[in-house]
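# Observations on the model geometry
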Amino acid sequence: MFLMGKLDGKVALIFGGTSGIGEATATLYAKEGAQVAIVGRNEDKANKILDTIAEFGPTGLFVKADLNESQSIKDAVQTTLDHYGKIDILYNGAGILDNYDPIQDTDEALFDDVIRLNLKAPWLATKTVVPHMIERGSGVIINIASQATGMVGVGGTPYMSSKYGLVGMTRQLAHELGPKGIKVNTLSPGFIDTPMTETVTDKRLEKSPLGRPGQPDEIAKTALFLASDDSDYIQGINLIQDGGWTLGGYPVE
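In this report, we go over the structure that sits alongside the text. No experiment lies behind these values; they were computed from the predicted model shown. (Residues numbered from 1 in each chain as written. Predicted model: local features only at pLDDT ≥ 70, side-chain atom pairs only at ≥ 80, totals over all residues. Heavy atoms only, no water.)

## With respect to the sheet that holds strand β2 (residues 35–40)
- What the seven strands build is an open sheet, ordered β3-β2-β1-β4-β5-β6-β7; its pairing is parallel. The open sheet terminates on both sides in strands that have one partner only, identified here as β3 (60–64) and β7 (238–241). Strand after strand, the sheet turns through a mean of 20 degrees between neighbouring axes, direction not considered.
- Of the strand pairs in this sheet, strand β5 (residues 139–144) and strand β6 (residues 182–189) are connected by six bridges, and their pairing is parallel. The residue bridging I142 from the neighbouring strand is N185, located in β6.
- The sheet strands contacting helix α3 (residues 70–84) are β1 (11–15), β2 and β3, and the helix crosses β3 at an angle near 155 degrees. (Pairing = 2+ DSSP bridges. Helix = DSSP H or I, 4+ residues; strand = E, 2+ residues; numbered from the N terminus. Axes fitted to C-alpha atoms, helices over the stretch in contact; angles between N-to-C directions. Contact = heavy atoms within 4.5 Å.)

## Observations regarding the side chain of T106
- Residue position: T106 is located in the loop between β4 (89–92) and α4 (108–136).
- According to the relative accessible area criterion, T106 is buried, its value standing at 19%.
- There is a polar contact of 3.0 Å between the side chain of T106 and the backbone oxygen of P102.
- When near neighbours in sequence (up to four residues on either side) are disregarded, T106 contacts D101, T157 and P158. (Buried < 20%, exposed > 50% of the residue type's maximum accessible area, 1.4 Å probe, protein only. Polar contact = N/O pair within 3.5 Å; in protein donor to acceptor, adjacent residues only side chain to side chain.)

## Notes on helix α1 (residues 20–31)
- Taking 1.5 Å per residue, 12 residues should reach 16 Å; α1 reaches 17 Å between its end C-alpha atoms and fits that length.
- With respect to burial, α1 is a largely interior element, 10 of its 12 residues being buried.
- For α1, the set of buried residues is G20, I21, G22, A24, T25, A26, T27, L28, Y29 and A30.
- G33, located one to two residues past α1, shows a positive phi value of around 100 degrees. (Expected span 1.5 Å × (residues − 1).)

## Focus: the packing of α1 against helix α6 (residues 216–227)
- It is at 8 Å that the axes of α1 and α6 come closest, and there the two elements cross at 55 degrees. On the basis of the axis angle, α1 is oblique to α6. Once α1 is placed against α6, the crossing between them reads as right-handed. Only P216, D217, I219, A220, K221, A223, L224 and A227 of α6 make contact with α1, whose side of the interface consists of G20, I21, A24, T25, L28 and Y29.
- Its residues placed into classes, the contact of α1 with α6 shows 10 nonpolar, two polar and two charged. (Parallel < 35°, antiparallel > 145°, perpendicular 65-115°, else oblique. Left-handed = near helix turned anticlockwise from the far one by under 90°. Nonpolar A, V, L, I, M, F, W, Y, C, P; charged D, E, K, R; others polar.)

## Describing the side chain of Q147
- For Q147, the location among the structural elements is in the loop between β5 and α5 (157–177).
- Excluding residues that lie within four positions of it along the chain, Q147 makes contacts with V154, S188, P189, G190, F191, I240, D242, W245 and T246.

## Quick word on the nonpolar core
- Of all hydrophobic cores here, the largest spans 34 residues; its most connected members are L13, F15, V39, L67, L90 and I141.
- Counting only elements with at least two residues in this core, the list comes to β1, β2, β3, α3, α4, α5 and β6.
- Broken down by element, the residue count for this core peaks at seven residues, all from α4.
- Once you skip the residues sitting within four places of it in the chain, V39 turns out to touch L13, I14, F15, G16, G17, V63, A65, L67 and A76.
- A24, F62, I89 and L226 belong to the second largest nonpolar core, which has 30 residues in total. (Core = buried A, V, L, I, M, F, W, Y, C linked by side-chain atoms within 4.5 Å.)

Shape is all these values report; function is a separate question.
Given below as structure tokens:
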């Protein structure tokens, strides 16, 4: 018996899809029947992901883009529309960390870099895709924030500001776009074992209820839920998936 995937017939545009959580999400979306456009800068890594996706049947597309450049973001959206004819799912997953520095030691250029990639890029990608989604009367937007939105102290002011801003943007978009048939939510991972966290250590992780980093595949499963019809009555939330870290306190011995 043929089993349909949760995303059969859908087209997903994934910013930050060449590594970590974005890579796991692109692969899972393809397994569930979606045609996937991966946006990033690492063409060799993207081609390996596309080879994996091809094993599942749906087509994959790599769109090389510099998310620090506004026109590059717009071109990535247009390239996807030209290739597939539509975009059903926009996944804003690209991001960078800061240096955890106190504000008096934070470089202004670093602040600008973090805000540009973590907040402005998702805003511009969404602004570019939304007219198409409104015209079709449907769409899904998933913004990837951080457990930082449920606590403080897991980044400096640039990172924390960018991720709290992303949650605020998501809530406003849900208010604006929900009546137009567009579902908008935030997914906020905790400490996940990815290339971005290789140089980061935090002893508080050991005291969290699960006491371990999360895996990209675990977050991808939640991203699938938010992209699928299973979450159609969920709008404007910030879903924190962090193994219980933001609960605070310490587990009972």
